[in-house]
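# A look at the structure
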Amino acid sequence: MISLGVNYSQMHDSSACIARDGELLFAVAEERLSRAKHDARFPALAIRACLDFARLRPDQLDYICFGWSAPRAAYLHDLADFARGRHPVSYLNVLNSTRHFLSMWHQGGGQRRFTHYFGPTKARMLFVDHHRAHAISAYAHSGFGEAAVVVVDGRGAWEATSIWHGRDGALEHVLTIPWPNSLGLFYAAFTEYLGFQPYSDEWKVMGLAPYGQPGVDLHDFITLDHGFHDVDGKRLIGRGATLGSGIAECLGPQRVAESEIENRYKDIAFAVQDACEEAMLAVADLAIKKTRCRSLCLAGGVALNSKANGRILASGLVEQLFIQPAASDDGVALGAALAPYLEMGQRLPVKTMRQVYLGAAYEDSEIEKVLHTYKLRYTRHVNVASTTAELLAEGKIIGWFQGRMEFGPRALGSRSILADPRDPEMNAKVNNAVKFREWWRPFAPSILAEAASEYLENASESPFMILTFPVKNDKRSVIPSVTHVDGSARPQTVDQQLNPLYWRVIEEFRRRTGVPVIMNTSFNLRGEPIVASPTDAVRTFFSSGMDGLIIGSFLVEK
Ligand SMILES: [Fe+2]
C-alpha cells in the first residue's frame with residue numbers, strides 16, 4: 001500500500017510524506033522548498049518531492065490522506081461556539097471563520113488542489129480527524145506496544161487537547177477538550193502579547209522565561225482546577241484585531257515588537273511558561289490515570305515545549321516518554337499516512353522512530369556543479385569530520401550540509417551551523433555573525449550519546465532536541481555557550497550508528513579539546529526556513545558571517 005500524507009489547513013506548516021506498506025520513505029515541509037517560512041499553501045512542491053523520491057506517478061498512489069477532517073465540522077463547531085457565547089462574536093472573528101471555511105470547502109479540503117496540480121487519480125482520499133492524525137503520528141512511531149497518547153495544540157477542527165489509548169496497534173479515543181479551552185491558544189496569545197509571532201515564536205517566550213521572576217497572576221486566563229487546565233479562550237481572543245488584545249485589557253499595553261524588553265514582560269513570560277508546564281504535567285497525569293499506562297506519547301504544537309517535556313520526564317510520572325519530533329502540524333502528515341490501516345480495520349504498524357533524516361540528499365557531483373556555477377573556490381577533503389573539528393576547535397563558525405535533510409523544526413546534524421561551545425562569547429558571536437536573533441535565546445548542544453550522563457543530570461537518550469535537562473554543576477563552565485541562564489540545556493544526543501559522520505565530527509572535536517560537545521543551531525538566517533538545497537546553503541553562507549561551509553566533501557571558505 002502506498003500512501004501519501006498531507007498537512008494542508010491554510011493556517012501553517014503545510015507538508016507531505018510518503019509511506020510504502022507502513023514504512024515512512026520521505027517527508028518534507030513545504031516551507032523548505034518554497035522558502036516561505038511556515039508556508040500554509042497547498043504543499044505541491046512537497047508532494048512532488050515525495051513522488052520523485054519514491055519514483056512514483058500520482059496515479060500509482062493508493063491513498064491520499066489529509067490530516068484534517070472535512071471543513072464543515074470545524075465551521076459548525078465555530079458557529080455553535082458563537083451561539084453559546086464561548087467565542088467572542090465580533091465582525092473579524094466571524095469573518096475569519098467563514099472565510100476559512102468557504103475557502104477550504106471550495107477546495108474540497110485540498111482534494112481539488114491535488115487534482116489541479118497532479119491530474120486525476122484513482123487513489124482513495126481520506127480526511128483524518130486532526131487530533132487523530134497527531135495521535136497516530138506519536139503512537140505509531142513510539143515503538144510502545146501500549147501507550148497513553150496526549151495531543152495538545154492550538155486547535156484542530158474543534159479539538160484543543162485530546163487523550164488516546166494505544167494498544168497492540170489500535171488507537172482508542174479517551175477524551176477531548178474542545179477549543180477554545182486551548183493550551184496552545186493560551187501560549188500563542190501571550191506570544192503575540194509579548195511582541196512575537198503567535199504559533200511560530202513560542203520558543204522565544206520559553207527562552208525568555210528564566211529571566212523573569214515569579215509573581216504574575218494569570219488566573220484570569222488559565223486555572224488548573226480539578227487537575228485539568230481551564231483556559232478562558234473568550235478573554236484571550238478578545239475582540240481586537242490581534243490575539244494579545246484581550247490580555248492587554250487586564251495586564252496593560254502589549255509589548256511593541258523588537259522593542260527593549262521591560263522586566264514586567266520577562267515576569268509574564270515566566271508565569272506563562274510555568275502555567276504551561278503545570279498544565280502539561282496535569283494532562284500527562286490524567287492520561288496516565290485514564291489509560292493506566294505509564295508509557296506516554298506526545299504530539300501537537302505544545303509538545304514542542306522542551307522545558308515542559310523535560311519536567312514531565314523528571315517528574316517520575318512516566319516510565320517511558322516519546323515525543324513525535326515533528327510535533328507541530330507538519331507532523332500530522334506522518335499520522336495521516338498511516339490512517340488507512342485503521343480505516344481498513346487493521347493494526348497500525350508500530351515502530352520506533354530513531355531518526356528523522358527523511359528529506360533529500362545531494363551527491364558530491366551535484367554539489368560541485370553548484371559550486372562551479374557560482375565560481376566558488378573550494379577544497380575537497382577525504383575526512384570532512386576531522387577538517388570540521390579542527391576548524392571548530394580554532395573558534396570558526398561552520399555551516400554543515402550533509403546527507404538527508406531533517407523533518408521537523410530542529411537541525412540535527414544535516415543542515416546545521418556548528419561552533420565551539422567552550423567559548424562564553426560564542427553565543428554572541430553566532431548571533432552577530434549568523435542568526436541575528438534575540439540575545440536571550442539559548443543555543444543547543446550536540447553531545448556524544450555515550451558522554452551525555454557525564455554532562456547532564458538524569459540524562460537519557462534525546463536524539464531530537466525536544467527535552468531539556470539540567471547541565472551538571474561542574475560542567476556549566478565547560479560548555480557555557482550552550483547552557484541557558486537557568487543552567488539547563490536542550491541537547492541532541494548523537495548516536496554513532498544513526499549519524500556516523502556527525503558523530504565523528506564531535507568525536508574528533510573531543511580528541512582535540514577533551515569536550516564531547518559542539519554547539520548546533522539550524523542552518524538558516526533569522527526569519528528564513530532551514531536551508532534545503534546546496535544553492536540555499538551557499539546563498540545563506542555568503543549572506544552571513546560564517547567562516548566556512550562544509551558541504552558534502554568540500555570546504556568553502558571566505
Ligand atoms: Fe495541530
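To start, this report covers the structure provided alongside it. Note that the structure is a prediction, hence the values are computed from the model and not measured.

Right, let's get into the coordination of the iron ion. Only H130 (NE2), H134 (NE2), D153 (OD) and D329 (OD) from the protein reach the iron ion as donors, at distances of 2.1 to 2.3 Å. Metal-centred angles of 88 to 167° between the four donor atoms at the iron ion mark the site as irregular. When the donors of the iron ion are listed by position in the chain, the intervening gaps give H-x3-H-x18-D-x175-D. With H134 in helix α6 (residues 130-140) and D329 in the loop between β12 (320-323) and α13 (332-343), this pair connects stretches of sequence that are 195 residues apart. Judged by its relative accessible area of 0%, H134 falls in the buried class.

Moving on, we get to the sheet that holds strand β4 (residues 63-66). The strand order across the open sheet built from five strands is β3-β2-β1-β4-β5, with neighbouring strands paired in mixed fashion. Taken across any chain shown, the strands that pair with only one partner, and hence form the sheet edges, are β3 (23-29) and β5 (124-127). The mean inter-strand angle of the sheet, taken between neighbouring strand axes irrespective of direction, is 15°. With six bridges connecting them, strand β1 (residues 2-7) and strand β2 (residues 15-20) associate as antiparallel partners. In the strand pairing of β2, G5 is matched with C17. Running over the sheet, helix α2 (residues 44-54) touches β1, β2 and β3 and is turned about 25° from β2. Along the sheet, helix α5 (residues 111-118) makes contact with β1, β4 and β5, crossing β5 at roughly 140°.

This paragraph deals with the state of the cysteines. Covalent bonding between the sulfur atoms of two cysteines defines a disulfide. Scanning the model with the defined rule gives zero disulfides in all. Free cysteine C17: the closest other cysteine sulfur is in C50, separated by 6.4 Å. Not part of a disulfide, C276 finds its nearest cysteine sulfur in C297, a span of 19 Å.

Let's shift gears to the packing of α2 against α5. When two helices pack together, you describe them by how their axes are tilted relative to each other and by the distance separating the axes. The N-to-C vectors of α2 and α5 enclose an angle of 60°; their axes lie 11 Å apart at closest approach. When the axes of α2 and α5 are compared, the pair comes out oblique. Crossing of α2 over α5 shows right-handed handedness. From α2, A44, I47, R48 and L51 reach across to α5, where they touch F114, Y117 and F118.

To continue, consider the packing of helix α14 (residues 364-373) against helix α19 (residues 534-542). Their axes nearest at 9 Å, the elements α14 and α19 cross at an angle of 45°. By the angle between their axes, α14 is oblique relative to α19. Handedness of the α14/α19 crossing: right-handed. Contacts between α14 and α19 involve I367, V370 and L371 on the former and, on the latter, P534, T535 and V538. Looking at side-chain class alone, the contact of α14 with α19 contains five nonpolar, one polar and no charged residues.

Its place among the elements puts E262 in the loop between α10 (245-251) and α11 (263-291). Each C-alpha atom of the pair E262 and F26 lies 45 Å from the other, and the pair is 236 residues apart in sequence.

So, about the side chain of S137. Tracing the backbone shows S137 in helix α6. Assessed through its relative accessible area of 0%, S137 is described here as buried. At 2.6 Å, the side chain of S137 and the backbone oxygen of H134 are in polar contact. Setting aside residues no more than four positions away along its own chain, S137 makes contact with A299, Q324, G331, L334 and G335.

Moving on, we get to the pattern of salt bridges. According to the stated counting rule, one finds 28 salt bridges in the structure shown. The salt bridge involving D486 is made with K307; its shortest N-O contact spans 2.9 Å. Residue D486 is located in the loop between β17 (469-470) and β18 (488-489), and its partner K307 is located in helix α12 (residues 306-314); the two are separated by 179 residues in the primary sequence. By relative accessible area, K307 is classed as buried at 14%. A salt bridge links D495 to R354; its shortest N-O distance comes to 3.8 Å. With a gap of 141 residues between them, D495 in the loop between β19 (492-494) and α18 (500-513) and R354 in the loop between α13 and α14 connect regions that are remote in the sequence. One continuous salt-bridge network, built from bridges that share partners, spans D274, E277, E278 and R311.

For the rest of this paragraph, the subject is the nonpolar core. Counting 154 residues, the largest nonpolar core has F186, F190 and L296 as its most contacted members. When residues in this core are grouped by element, the largest group, 14 residues, is from α11. With residues near it in sequence (within four places) discarded, F190 still touches L218, F221, L236, I247, L251, I268 and V272. Residues V28, L56, I64 and F66 belong to the second largest nonpolar core, which totals 28 residues.

Enumeration over the complete set of coordinates arrives at 17 aromatic pairs. Both rings, one in Y8 and one in F42, keep their centres 5.2 Å apart while their planes meet at 80°; by these two values the pair is edge-to-face. Of this pair, Y8 sits in the loop between β1 and β2 while F42 sits in the loop between α1 (30-34) and α2, placing them 34 residues apart in sequence. Note on accessibility: Y8 and F42 belong to one class, buried. Ring plane angle 45° and centroid distance 6.1 Å describe the contact between Y362 and F401, whose orientation is recorded as tilted. Placement of the pair is Y362 in the loop between α13 and α14 and F401 in strand β14 (residues 398-401), with a sequence separation of 39 residues. Over the ring of W179 we find R155; its NZ or CZ atom is 4.7 Å from the centre of that ring. The ring of Y455 has K475 sitting right over it, with the charged end atom 4.8 Å from the ring centre.

Conventions we followed
Throughout this description, residue numbers start from 1 for each chain and increase along the sequence as written. Per-residue local features are limited, in this predicted model, to residues with pLDDT of at least 70; the limit for side-chain atom pairs, both in listing and counting, is 80 or more; totals at the level of whole chains, interfaces and linings are taken over all residues. Values shown for side chains rest on all heavy atoms present in the structure; no hydrogens or waters enter the calculation. Atoms are scored as donors when they are N, O or S and lie within 2.8 Å of the metal, with 3.2 Å used for Na, K and Ca; no water is included, so coordination may look incomplete. Labels for metal geometry use angle windows, namely 85 to 135 degrees for all angles of a four-donor tetrahedral site, and for square planar (four donors) or octahedral (six donors) sites opposite donors over 155 degrees apart plus all others within 65 to 115; sites meeting none of these are irregular. A run of DSSP states H or I qualifies as a helix once it reaches four residues; a run of E qualifies as a strand once it reaches two. Both are numbered from the N-terminal end. Three exposure classes are used, based on accessible area relative to the maximum for each residue type with a 1.4 Å probe and protein chains only: buried under 20%, partly exposed in between, and exposed over 50%. The pairing criterion for strands is at least two bridges between them, as found by DSSP. Under this scheme, a helix contributes an axis fitted over its contacting stretch, all axes are lines through C-alpha atoms, and angles between N-to-C directions fall in the 0 to 180 degree range. In this analysis, two residues are considered to be in contact whenever any of their non-hydrogen atoms come within 4.5 Å of each other. For the purposes of this analysis, a disulfide is any pair of cysteine sulfur atoms at a distance within 2.5 Å. To sort the angles, those under 35 degrees are grouped as roughly parallel, those over 145 as roughly antiparallel, those from 65 to 115 as roughly perpendicular, and the leftovers as oblique. By convention the crossing between two helices is left-handed if the near helix lies anticlockwise of the far one by an angle smaller than a right angle, and right-handed if it lies clockwise. Three classes are used, and their members are as follows: Ala, Val, Leu, Ile, Met, Phe, Trp, Tyr, Cys and Pro are nonpolar, Asp, Glu, Lys and Arg are charged, and the others, Gly among them, are polar. Pairs of N or O atoms within 3.5 Å make up the polar contacts considered here, provided that, within protein, one atom can donate a hydrogen while the other can accept it, and that residues adjacent in sequence are counted only when both atoms are side-chain atoms. The salt bridge definition used is simple: a Lys or Arg side-chain nitrogen within 4 Å of an Asp or Glu carboxyl oxygen. Only buried Ala, Val, Leu, Ile, Met, Phe, Trp, Tyr and Cys residues count toward a nonpolar core, and they belong to the same one when joined by side-chain atoms within 4.5 Å. Planes of paired rings set the category: under 30 degrees apart is stacked, over 60 is edge-to-face and the rest tilted, where pairs are Phe, Tyr or Trp rings (Trp by its six-membered ring) whose centres lie within 6.5 Å. Working rule: Lys NZ or Arg CZ, within 6 Å of ring centre, within 35 degrees of ring normal, means a charge sits over the ring.

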